[in-house]
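Residue-level structure breakdown
Letter by letter, the chains look like this.
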Amino acid sequence: MADAGQFRDGLAARIARFDREGARRAAGLAEEERQRVLASFPPARWGDLELGQYALGPDGRRNGLSFCRLMEYGTDNFGSIRGGSAAKHIVYQHRSGQWRVVPTALRGLAVEAAWAQVRSEFVTAFDAAGRGEYERLDDLESLSYGQALTTKALAVYFPGEFLPIFSAAHVRHFTALLGGKPRAHSSGVRTWRANRELLELLRAHEEFKGWSPHEVMDFLYTFHDPRPQDRVVWKIAPGERASLWDDSLREHRIRIGWDEVGSLGQYESDQELKTALDQHWPRSAGGNLRLARQMLAFRDLERGDLIVANRGKSEVLAVGTVVGGYAYESGEPTHRHTVGVDWDTSYAQSFDTPRHAWQQTLAKVPATLMRVIRNGRGPLGTAEALGPAGEAEGADGTGRPAMSAVQGAALPDDELPDDVRNVRNLLEHKGQVVLQGPPGTGKTRLALNVALTLAGRPDLIEATPAERAAVLAELSAVPEDASEPAEERAAGLTMVTFHPSYGYEDFVEGFRPDTAADGAGLHLKMRKGVFLRVCAAAEKSPEKIFLIVVDEINRGDLPRILGELITLLELDKRGSVSITLPTSGRQQTVPPNVRIIGTMNSADRSVSHIDSAIRRRFAFLDVPPDLDALDGEVEGLGLASLLEGLNERLDTHFGPDHLLGQAYLLADDRPLATVEQLSHAFHHEIVPLVTDYCLGRPEMLRAVLGELVDDRTGRVVQTNPQDLPGMLAKVFVTAGITDEDSVSVESEWNEE
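Residues numbered from 1 in each chain as written. Predicted model: local features only at pLDDT ≥ 70, side-chain atom pairs only at ≥ 80, totals over all residues. Heavy atoms only, no water.

1. Here's the deal with helix α9 (residues 191-203)
Between its first and last C-alpha, α9 extends 18 Å over 13 residues, near the 18 Å set by a 1.5 Å rise per residue. Turning to α9, its buried residues number three or more, namely Thr191, Trp192, Ala194, Asn195, Arg196, Leu198, Leu199 and Leu202. On its buried side, α9 packs onto α7 (147-157), α8 (168-177) and α10 (213-223). (Helix = DSSP H or I, 4+ residues; strand = E, 2+ residues; numbered from the N terminus. Expected span 1.5 Å × (residues − 1). Buried < 20%, exposed > 50% of the residue type's maximum accessible area, 1.4 Å probe, protein only. Contact = heavy atoms within 4.5 Å.)

2. Re the packing of helix α22 (residues 639-654) against helix α25 (residues 724-732)
Taken N-terminus to C-terminus, the directions of α22 and α25 make an angle of 45°; their axes are 9 Å apart at the nearest point. Here α22 lies oblique to α25, going by the angle between them. Pair α22 / α25 crosses with left-handed handedness. Contact with α22, carried on its side by Ser641, Leu642, Gly645, Leu646 and Arg649, involves Leu728, Val731 and Phe732 of α25 and no other residues of that element. Across the contact of α22 with α25, the residue classes break down as 5 nonpolar, 2 polar and 1 charged. (Axes fitted to C-alpha atoms, helices over the stretch in contact; angles between N-to-C directions. Parallel < 35°, antiparallel > 145°, perpendicular 65-115°, else oblique. Left-handed = near helix turned anticlockwise from the far one by under 90°. Nonpolar A, V, L, I, M, F, W, Y, C, P; charged D, E, K, R; others polar.)

3. Re the pattern of salt bridges
Scanning the entire structure with this criterion turns up 41 salt bridges. Here Arg20 ties to Glu215 by a salt bridge, and the two come within 2.8 Å at their closest N and O atoms. Here Arg20 is found in helix α3 (residues 20-40), whereas its partner Glu215 is found in helix α10, with 195 residues between them in sequence. Relative accessible area serves as the criterion here: at 23%, Arg20 is assigned to the partly exposed category. Judged by relative accessible area, which is 5%, Glu215 ranks as buried. (Salt bridge = Lys/Arg side-chain N within 4 Å of Asp/Glu carboxyl O.)

4. Some points on the packing of α22 against helix α23 (residues 675-693)
Packing of α22 against α23 leaves a shortest axis separation of 12 Å and a crossing angle of 10°. When the interaxial angle is binned, α22 and α23 end up roughly parallel. On α23, the residues touching Leu639, Leu642, Leu646, Leu650 and Phe654 of α22 are Leu678, Ile686, Val690 and Tyr693.

5. Observations concerning the packing of aromatic side chains
Under the defined criterion, the tally for this structure stands at 29 aromatic pairs. Ring geometry for Phe18 and Phe219: centres 5.5 Å apart, planes at 85°, overall edge-to-face. Of this pair, Phe18 sits in the loop between α2 (11-17) and α3 while Phe219 is found in helix α10, placing the two residues 201 residues apart along the sequence. Just as Phe18 is buried, Phe219 falls in that class too. Aromatic pair Phe122 and Phe126: ring centres 6.0 Å apart, planes at 40°, arrangement tilted. Here Phe122 pairs with Phe126, and both are found in helix α6 (residues 111-130), just 4 residues apart, close to one helical turn. The same class applies to Phe122 as to Phe126, namely buried. Connected via pairs of aromatic rings, a cluster forms that spans Phe41, Trp46, Tyr54, Phe67, Trp115, Phe122, Phe126 and Tyr157. The ring of Phe7 carries Arg14 above its face, with NZ or CZ at 5.6 Å from the centroid. Geometry around Tyr134 places Arg196 over its ring, the cationic atom sitting 3.9 Å from the centre. (Phe/Tyr/Trp six-rings, centres within 6.5 Å; stacked < 30°, edge-to-face > 60°. Lys NZ or Arg CZ within 6 Å of the ring centre and 35° of its normal.)

6. Looking at the sheet that holds strand β11 (residues 493-497)
Pairing is parallel in the open sheet, where 5 strands are placed in the order β11-β14-β17-β10-β18. Each end of this open sheet is capped by a strand with a single partner; those strands are β11 and β18 (619-622). The mean angle between the axes of side-by-side strands here comes to 20°, regardless of whether they run parallel or antiparallel. Two strands pair when backbone bridges link them, and strand β10 (residues 432-437) and β18 are joined in this way by 4 bridges, in the parallel orientation. (Pairing = 2+ DSSP bridges.)

7. Quick look at the nonpolar core
Trp46, Tyr54, Phe67 and Phe122 are the most contacted members of the largest nonpolar core, which has 74 residues in total. Looking at this core element by element, the count peaks at 8 residues for α6. Ignoring any residue separated from it by four or fewer positions in sequence, one finds Phe122 in contact with Trp46, Tyr54, Ile90, Leu143, Leu149, Thr150 and Ala153. One finds Ala640, Val704, Val731 and Val733 within the second-largest nonpolar core, a separate group that totals 40 residues. (Core = buried A, V, L, I, M, F, W, Y, C linked by side-chain atoms within 4.5 Å.)

8. Some remarks on unusual backbone geometry
One non-glycine residue, Trp258, lies in positive phi territory at about 60°. Within the element layout of this structure, Trp258 appears in the loop between β4 (253-256) and α12 (270-280). On the accessibility criterion, Trp258 (6% relative accessible area) is buried. Non-glycine residue Leu695 carries a positive phi angle of around 55°. Note that Leu695 resides in the loop between α23 and α24 (698-705). The exposure class of Leu695 is exposed, given its relative accessible area of 58%.

As C-alpha cells, this is what we get:
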C-alpha cells in the first residue's frame with residue numbers, strides 16, 4: 001500500500017480553495033448528458049440493439065446518434081474518452097466501409113455474430129452491476145478490449161457505483177495518491193475494477209461525504225492532475241491567412257482541413273493515415289508521414305492543452321486552452337476536423353523576425369518561444385494564466401542530487417525541452433542510456449544538454465555556442481586537489497570516444513607504461529581507467545551526479561571494454577553488490593550517482609549489433625531528424641521541406657537508419673541563411689554522405705538526387721550557388737498539402 005500522507009497533507013486547505021459551486025454546475029451538465037443517453041439507449045433496449053445503432057461509421061455521423069458516438073462525442077461533461085483510434089469501441093466501421101472487430105477471439109466470425117457476442121457481454125455487465133456482482137465483470141473478455149468505453153457505460157447506467165474517470169493511467173495515479181495499490185498494466189486488473197477500488201478509497205475520506213462523483217472528479221483533476229504538465233504546445237493556423245479566425249473565436253474551436261481522409265478516429269497508426277493522405281495527395285514529397293503524425297497529435301489533444309493561433313509567420317492571434325476533444329464535423333463545408341478551445345486574445349502580438357516553421361498549419365512551439373509569447377502578453381492577462389495546475393517544484397525540490405556546484409537560472413521542469421527531459425528520466429530509471437539515430441540528428445548535443453541540466457544550467461541549452469562551451473569546459477575540468485591521488489579525481493562530466501582499439505585497460509583498469517619510472521627498459525604500472533576514476537570520485541561525493549558521455553559507443557567492443565562491470569551497471573546493484581576485478585584483485589562497486597550516456601550512429605555499417613547483455617542494461621532512445629530546428633529558408637527554399645524531401649528518398653532506398661539529420665543545414669546552431677552556406681553544406685557534406693550510402697553506384701545516386709546527377713558522368717552537377725535553391729526546390733519540394741497555410745515553394749520559384 002502506498003502512503004496517503006501526501007494526499008491528506010493540506011487537504012482541508014485545498015477543499016477550501018476548490019470551486020465546488022462550479023463543480024456542481026458541471027455535474028448538472030453531466031447529468032443532462034447522462035439522461036440523454038438513458039433516453040436513447042435504456043437498459044431494456046440493449047437485448048436487441050442493432051450494430052448500426054451502436055457503432056461509429058466512417059465519418060462519425062453516418063449512423064446518427066449511435067451509442068458510441070454519444071459516448072465519445074456527446075458526453076464530454078460526463079467524462080471524456082476522446083482521442084486515440086476507434087478501436088476502443090470494440091466493433092466499428094472502418095473508413096473503407098469494412099467492419100473491424102477488435103477482440104482476437106471474435107475475428108473469425110461474421111460481423112453480426114461478433115456483435116451479438118459483444119452485445120451479450122454488455123447486457124451481462126449491466127445485469128451484474130445492477131445486482132452488485134461486480135466480480136462477474138472480469139469474465140467478460142470481449143469488453144476488456146474497450147475498457148474505457150465499458151467503464152464509462154457502467155458509470156452512465158450506475159452513476160453512484162463508478163467514478164467518471166475512465167483512463168486506466170489516471171485511475172492508477174489517483175489510487176496511488178490515496179494510498180491504494182496502483183494496478184500496473186500487467187496486473188490483469190480491468191479498469192472498471194480499479195475504478196471501483198478508487199471509489200472505495202475516496203469513500204473512506206469523510207471530507208468528501210455528500211459530494212457527487214463528478215465533484216470529486218473535478219477536485220482530483222484540479223489539484224492532482226495526472227497528465228504531464230509539460231505537454232507539447234501546438235501552433236495551429238486557423239485556415240489560410242487566418243481566414244477561419246472569426247469562426248474560431250466565435251465558436252470557441254480550432255479547425256483544420258484535409259477533410260478527404262474522413263474522421264481521424266478511424267486511424268490506428270500514423271502509417272495508416274499516411275496511406276490515406278498519399279491516395280489523395282501523392283505529390284507531397286514525403287511530407288505525408290510528418291503530417292499524419294501532426295494530425296494524430298491534433299486528434300489526441302486533451303483538455304488543458306495549449307494552442308497558439310497564428311496569422312502568417314510573425315503574428316500571434318491568441319493562445320487557447322483546449323476545452324473539448326476532437327470531432328469530425330461533416331456538416332461543415334471545409335475544415336471539418338475540430339477541437340474545442342477557449343481563446344485568450346490578450347496574447348496577440350507580432351514578432352520582430354518571422355518564424356519560418358510557422359509556414360505550416362501545425363507546428364510545435366518550443367518552450368523558449370512559449371516564454372517569449374508569455375512575456376509579450378498584453379495588460380489584460382492574469383499572472384497565473386496558462387500555468388500548470390498547482391505549484392511547480394523548483395530545482396531544489398526535485399530530490400535529485402546536483403551534478404555540480406555551478407549555479408545558474410534553473411528552468412521549471414515543464415519548460416525543459418522534451419528530449420532532454422526524456423533522457424534525464426530514463427537515466428533516473430535505468431542509469432545508462434544510448435542515443436541512437438542517423439548522422440547529424442544532434443545525439444552528442446542532446447547528451448551535453450542533459451549534462452547542463454544535471455548541472456543546474458538548463459538555461460544554457462539555448463545559449464550561444466561560446467557560452468555553452470565555457471560552462472561545458474568548466475564541467476569537464478578535473479578538480480586539482482593535491483590531497484587526493486590523481487586516480488581518484490574526476491570531473492562531473494567526462495567524455496570519451498570508443499573505437500576498435502579502445503579496451504578494458506583504458507576504461508576499467510590495466511597495466512600501462514610508467515613514464516616516471518627510473519632506469520632503462522619498459523616499466524608497467526597498474527592504473528585505473530576512466531570509469532574507475534569516476535567511480536572513486538562519485539563515492540566521495542554522493543550528493544553529486546557524475547556523467548560519462550561515450551561518443552560512438554558501438555564502435556568499441558563493449559563486452560571487452562566493460563568486462564565484469566556489466567553486472568554492476570544495473571541500478572538495483574549499485575552501491576550494494578561488489579565484484580573482484582581480475583587484474584588488480586580489488587573489490588569494486590558502482591556508486592548510484594554515476595550515469596552513462598552513449599551515442600550511436602545507426603547508419604554506421606562498420607559495426608555490429610550491440611551485445612544482448614549490454615542492451616538489457618541500457619535504455620535506448622531514438623533521436624530522429626528534428627525538422628522543427630530548421631526554422632529558416634534560403635531564397636524561398638524552406639530548409640525543413642528540403643530535408644524532409646531528401647529523407648523521404650533516402651528512407652525509400654536505404655531505410656530509416658540512413659537519413660540525414662538537421663545538423664547538416666545548421667551553422668552555429670542556427671539554420672543556414674545564405675546560398676553560399678547552402679552550397680557548401682550540400683556539395684561538401686550532404687553529397688559525399690549520400691554517395692557513400694549509394695556505394696558509388698550512379699543509378700542509385702540518380703534515384704536519390706534526381707536531375708542533380710549528370711546522366712553522362714554519374715556525378716552531381718556543379719552549379720552557381722544562386723541557382724542551387726531553385727534546383728533543390730524542384731527536386732525535393734513538391735507542391736502538395738503539407739502546408740495549407742502558404743503558397744508552395746515550387747510555385748514561388750515558378751512565379752519568379
